[in-house]
Amino acid sequence: MSFSAKSSALLSSRAARWWWRQPPSCAAAAPAWSCFGGSWSRPILDMSYSRHFLDFQGSSIPSSMKKLVVTKLSQNFREAVTLQQDSPVPLPGDGDLLVRNRFVGINASDINYSAGRYDASVKPPFDVGFEGVGEVVALGLSASADFTVGQAVAYVKAGSFAEYTVVPARQVVPLPSVKPEFLTLMVSGATAYLSLKELGDLSEGKKVLVTAAAGGTGQFAVQLAKRAKCHVIGTCSSDEKGGFLKSIGCDRTINYRTENVESVLRKDYPEGVDVVYESVGGKMFDLALNALAIKGRLIVIGFIAGYQNPTGLQPIKAELLPAKLLKKSASIRGFFLNHYLSDYKMALQHLLKMYEGGDLVCEVDFGDMSPEGKFTGLESVFRAVDYMYMGKNIGKIVVELPHSVSSKL
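Since the model is a prediction, treat every value here as computed from it, not as a measurement.

A. Broad picture of the overall build of the protein chain. Across its full length, the protein chain holds twelve helices and 16 strands. Looking at the protein chain residue by residue over its 409 residues, the buried ones come to 54%. A separation of at least 24 residues holds for 69% of the contacts in the protein chain among residues at least 6 apart in sequence. Total accessible area computed for the protein chain in this model is approximately 18300 Å², and 53% of it derives from carbon and sulfur atoms.

B. Local environment of the pairing of strand β9 (residues 207-210). As paired strands, β9 and strand β10 (residues 231-236) are joined by four bridges and run parallel to one another. The residue bridging V208 from the neighbouring strand is V232, located in β10. With helix α6 (residues 218-227) bridging β9 and its parallel neighbour β10, the resulting β-α-β unit is right-handed. Bridging between β9 and strand β12 (residues 273-278) involves three bridges; their strand directions are parallel.

C. Expanded view of the sheet that holds strand β14 (residues 331-334). The strand order β11-β10-β9-β12-β13-β14 describes an open sheet built from six strands, whose pairing is parallel. Every other strand in the sheet has two partners, leaving β11 (252-255) and β14 as the edge strands with one partner each. Going from strand to strand, the sheet's axes swing by 15° on average, the running direction of each strand aside. The strands touched by α6 are β9, β10 and β12; relative to β9, the strand with the most contacts, the crossing angle is about 170°. The sheet contacts of helix α7 (residues 239-247) involve β10 and β11, and relative to β10 the element is tilted by about 160°.

D. Molecular detail of the pattern of salt bridges. A full pass over the atoms with the stated rule returns 13 salt bridges. A salt bridge links E379 to K66, with the shortest nitrogen-to-oxygen separation between them at 2.8 Å. Taken together, the residues span a long stretch of sequence, with E379 in the loop between β15 (364-365) and α12 (381-389) and K66 in strand β1 (residues 64-70) at a distance of 313 residues. A relative accessible area of 37% places E379 in the partly exposed class. Taking relative accessible area as the criterion, K66 reaches 25% and is therefore assigned partly exposed. Across the pair K226 and D251 runs a salt bridge whose closest N-O atoms are separated by 3.1 Å. Of the two residues, K226 sits in helix α6 while D251 sits in the loop between α7 and β11, which places them 25 residues apart along the sequence.

E. Inspection of the nonpolar core at higher detail. Judged by nonpolar contacts, the single largest core of 53 residues is most densely connected at L175, L185, V210, V222, L245 and F335. If you tally residues by element for this core, the top one is helix α5 (residues 180-200), at eleven residues. When sequence neighbours within four positions are dropped, the list of residues in contact with V210 reads G218, A221, V222, V232, I233, G234, T235 and Y277.

F. Highlighting unusual backbone geometry. The linkage connecting P124 with the following residue, P125, adopts the cis geometry, with an omega of 0°. The residue P125 is located in the loop between α4 (109-114) and β4 (126-127) in this model. Positive phi is not limited to glycine here, since K295 has a value of about 65°. Mapped onto the fold, K295 is located in strand β13 (residues 292-300).

G. Structural view of the sheet that holds β4. Taken together, the three strands give an open sheet; going across it, the order is β2-β1-β4, and neighbouring strands pair in antiparallel fashion. The open sheet has two edge strands with one neighbour each: β2 (81-88) and β4. Pairing analysis gives six bridges linking β1 to β2, with the strands arranged antiparallel. The residue bridging K67 from the neighbouring strand is Q84, located in β2.

H. Looking closely at the environment of D94. Of note, D94 is situated in the loop between β2 and β3 (96-105). The class for D94 is partly exposed, based on a relative accessible area of 28%. Considered as a pair, D94 and A169 are 75 residues apart in the sequence and their alpha carbons are 9.5 Å apart. Side chain to side chain, D94 and S142 meet in a polar contact 2.2 Å long.

I. Main features of the packing of aromatic side chains. Per the stated rule, a full pass over the model turns up ten aromatic pairs. Ring centres of Y113 and Y118 lie 6.5 Å apart, and the angle between their planes is 40°; on these two criteria the pair is classed as tilted. Considering the side-chain rings of F335 and Y340, the 4.6 Å spacing of their centres and the 25° angle between planes classify their relative orientation as stacked. Among the residues examined, F335 registers a relative accessible area of 7% and is labelled buried. An aromatic cluster of three or more residues is present, and its members are Y113, Y118, F126, F130 and F336.

J. Spatial organisation of α7. Taken residue by residue, α7 has K241, G242, F244 and L245 as its buried positions. What you see down the axis of α7 is that its buried residues fit within an arc of 160°, all on one side. For α7, exposure combined with an orientation more than 90 degrees from the buried face picks out D239, E240, K246 and S247. Of the surrounding elements, those touching the buried residues of α7 are α6, β10 and β11. Following α7 by one or two positions, G249 adopts a phi angle in the positive range, close to 110°.

Scoring rules and cut-offs
Residues numbered from 1 in each chain as written. Predicted model: local features only at pLDDT ≥ 70, side-chain atom pairs only at ≥ 80, totals over all residues. Heavy atoms only, no water. Helix = DSSP H or I, 4+ residues; strand = E, 2+ residues; numbered from the N terminus. Buried < 20%, exposed > 50% of the residue type's maximum accessible area, 1.4 Å probe, protein only. Contact = heavy atoms within 4.5 Å. Areas by Shrake-Rupley, 256 points an atom, 1.4 Å probe, with all protein chains shown as cover. Pairing = 2+ DSSP bridges. Right-handed = clockwise from strand over helix to strand, strands pointing away. Axes fitted to C-alpha atoms, helices over the stretch in contact; angles between N-to-C directions. Salt bridge = Lys/Arg side-chain N within 4 Å of Asp/Glu carboxyl O. Core = buried A, V, L, I, M, F, W, Y, C linked by side-chain atoms within 4.5 Å. Polar contact = N/O pair within 3.5 Å; in protein donor to acceptor, adjacent residues only side chain to side chain. Phe/Tyr/Trp six-rings, centres within 6.5 Å; stacked < 30°, edge-to-face > 60°. Arc of directions from axis to C-beta.

Purely spatial values, then, with no claim about function.
This is how it looks when you write it as structure tokens:
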């Protein structure tokens, strides 16, 4: 059974009025899970003004769940993060949704977050994971005006490495279905789109270098630069990745394990490249900087090569930076998605339209080729992070969370 937004809001209103007619002893004496009984096993879980929600379909929602929690600040993800087996399932407030996560995304910045590098004031324990795709299993009264139980949604919010996550309705993106491909767009796709749109100044014929081009965000930088009719060069670590890059339009691939990146760029692009989309850092940053053309632009979206170091950085030849930029009238710009949230929904709508129209490849890597097989369950998040830092993935790394409870959804 499904409900339209209007029907959901109406039911919400009726359920709220119906509660007011109940004897006060029910809320005080009965267990929160079964106060009303009947076919609606949990129609209103919490009777307070601020923490009540409706579950129209009576789906089976457990009282506890698994989730990953940062218990110690460390750049070693396995040391920093603990799998908690019996955490309470959170309760959505009036404007919130309770999402049962089906797929969660792995990001290089998960390590920066677990190391406490984004906000020094936040102390353990705190939840980890940035993005998820799943179904709405419960929602607050206000949220029911726009969403219904069973609806497929995606979101970007800290705390996705859990079986259930409460997300404010205003931060949720409705989806046509629960598919892992949609997850690739939430952080990785949006980062590539907005950084190139706002900072890249792409136009036909420009030469664009994408480092770590076969990764979760690099795959989108390659495709978006090609759509702008640019000549695209992509660095990668294997011939298999090179084949993938060619399949999505990359004009020149450089396998840095078998080719010297600096020599290739100097020989094939003697006048330099116009735009660099850089996510590696360290030596690759220095090579990219040296390869810039006159008025070239280097966009820094990360520096994964240093994230596992105590400082989070790898050394670069920064003492020569001012002279190099001045000599070429070049520029370096940093991009952090959180600073562009005002344009986020526009970017995501554009990417979703491209994907649904067949104009965008959203490559997902479930780790099927990893030694222990597909990334399934929260326990495999640790393996997935290791897999990413070993540079094994092609596309976005995604972990599937199987249904662990009976449900009518």
